[in-house]
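# Secondary and tertiary structure notes
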Amino acid sequence: MRLPDLGFGPGGVLRRELGGYTALVTITTGRAELTFEKDGTALKGVPVPVRRDHKDDVKELRDLVKRVNAQLVTLARALEGGFTADAVHPFGRWRDTLLRHPIAGPSVGALLWQIEAAPGDWRTVLPEAGELPDAADDAPVRLWHPIRSRPDEVRAWRDLLVDRRIRQPFKQAFREIYLLTPAEADTVTYSNRFAAHLVHYRRMFALFRARGWTSALLGPWDGGGSDEAARTLAAGEWRVRFSHVLADWQGEHEIAGTNRVVFDRRGDGGGWREAALADVPPLVFSEAMRDVDLFVGVSSIAADPMWEDGEAHEYWVRAWYADLGESARSRRDALERVLPRTRIADRCTIDGRHLVVRGELRTYRIHLGSANIVMEPDDAFLCIVPERRAAGAKVFLPFEDERLSLILSKAFLLAADAAIDDESILTQIKRGA
């Protein structure tokens, strides 16, 4: 990738003097931020004189932040997309054009990389945590993936990220791994692992686009009852397809049902041929299934508290008692590391599928997959609808995960349930306490 530096200096900082104040655009892992200083002291917000006398400069700097953030999103997607292609970079070019780049550097440095010091000898490094080893400029460099590593190595890197509060631009050290199951070996050419789920279709369709999948829009028109979302992987050598159907049409609140996942391999003539799941490279299979898990996990109505008493109640209950998927297990792994560092640690335990929170009025079980809550001792459901722009708990997380942030926010709220003043929540808590 060729990224312009846009005037940023080493360390990803751009400074501009505006009427006795210093404006700073600082790039950290995955994002840029505009702040102001006066004589070296950080200020809150834009100073009044700057806002009054330098409107155009402030607008220009805010536009720059938006531009940089868009570039960082593109960079993260490009790097992450290289997993299935097993993308390799020459060490010298990777070091000079990515790691030392003022915009890309903070994100690249927070990721784990493998350098081939000798044929077959890949050494894992985290640039932000230490110096790079000596390597020839043409030594191959690739992104580290947990599927290539021993479990103890994965655990060690996860511990290090949390200990040093290093936030990665995308989930890497805590990345989920999806291996072929016996059931999938039996079905040979298709997987039902994520079939028979009910999802908010528009939400899933938006995720298709965000993750680079192509799909026709479902709707009450000819041919709009079903489709297969598809994504090409491994530099065009493999394709994954995920079938789904329109289950219920309610204007902009359509519900879709999920079906099977199949893989195609590029043939000698350039066409696609359906392949046995056992023939799919493990990393390609894992990354494709990770996307499908994301689609289902984020858009499932089981994660929507408004459906607990609806027509799909049976599905909602079944999802509550189902075993955790890979994404929820990854979430649990992160919680086990993060919770002991919080002020509510003595009120929380992790019990199988749930985070158990002991409040003053009740004890609560938060599902690690859906973030839904039931209360002890009567297992009554507690409906807490999060605000659209609610501020999450001020807890360091090594990766961005909206569901994990929601679980922690609910845990902090319920650990101090005696201080809740929202009548809609209090009424539910006190009804069976």
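The structure this text deals with has already been given above.
These lines cover the structure that appears in this document, whether it is placed above or below.

What counts, and where the lines are drawn
Residues numbered from 1 in each chain as written. Predicted model: local features only at pLDDT ≥ 70, side-chain atom pairs only at ≥ 80, totals over all residues. Heavy atoms only, no water. Salt bridge = Lys/Arg side-chain N within 4 Å of Asp/Glu carboxyl O. Helix = DSSP H or I, 4+ residues; strand = E, 2+ residues; numbered from the N terminus. Buried < 20%, exposed > 50% of the residue type's maximum accessible area, 1.4 Å probe, protein only. Pairing = 2+ DSSP bridges. Axes fitted to C-alpha atoms, helices over the stretch in contact; angles between N-to-C directions.

Bringing the pattern of salt bridges into the picture now. If you walk through the whole model with that rule in mind, you get 36 salt bridges. The residue D333 makes a salt bridge to R158 at a minimum N-O spacing of 2.2 Å. Within this pair, whereas D333 is found in helix 10 (residues 326–338), its partner R158 is found in helix 5 (residues 151–163), the two being separated by 175 residues in sequence. Taken as a pair, D333 and R158 share a single burial class, namely buried. Among the ionic pairs, E274 bridges to R241, the shortest N-O distance being 3.4 Å. Placement of E274 in strand 14 (residues 272–274) and of R241 in strand 12 (residues 238–248) is noted, with a sequence separation of 33 residues between them. Of the residues examined, R241 reaches a relative accessible area of 14% and is grouped as buried. Within this structure, E80, K171, R175, E176, R211, R231, E287, R290, D291, R331 and D401 form a network of salt bridges that share partners.

This part is about the pairing of strand 6 (residues 113–118). In this structure, strand 6 lies alongside strand 7 (residues 121–125), joined through five bridges in antiparallel fashion. Pairing of A118 across the sheet is with D121, part of strand 7. Between strand 6 and strand 7, which pair antiparallel and follow one another directly, the connecting turn spans two residues, one of which, G120, has a positive phi of 85°. Of the pairings in the sheet, the one linking strand 6 to strand 8 (residues 140–143) comprises three bridges and is antiparallel in character. Across the sheet, residue W113 finds its bridge partner in strand 8, namely L143.

Take the sheet that holds strand 16 (residues 354–358) next. Taking strand neighbours across the sheet as the criterion, the five strands line up as 15-16-17-18-19 in an open arrangement whose pairing is antiparallel. Sheet topology places strand 15 (348–351) and strand 19 (380–382) at the edges, where each strand pairs with a single neighbour. On average, each strand axis in the sheet is inclined to that of its neighbour by 30°, with strand direction left out of account. Looking at chain direction, strand 18 (residues 373–376) and strand 19 are connected through three bridges and run antiparallel. Considered in strand 19, the bridge of I373 is made with L382.

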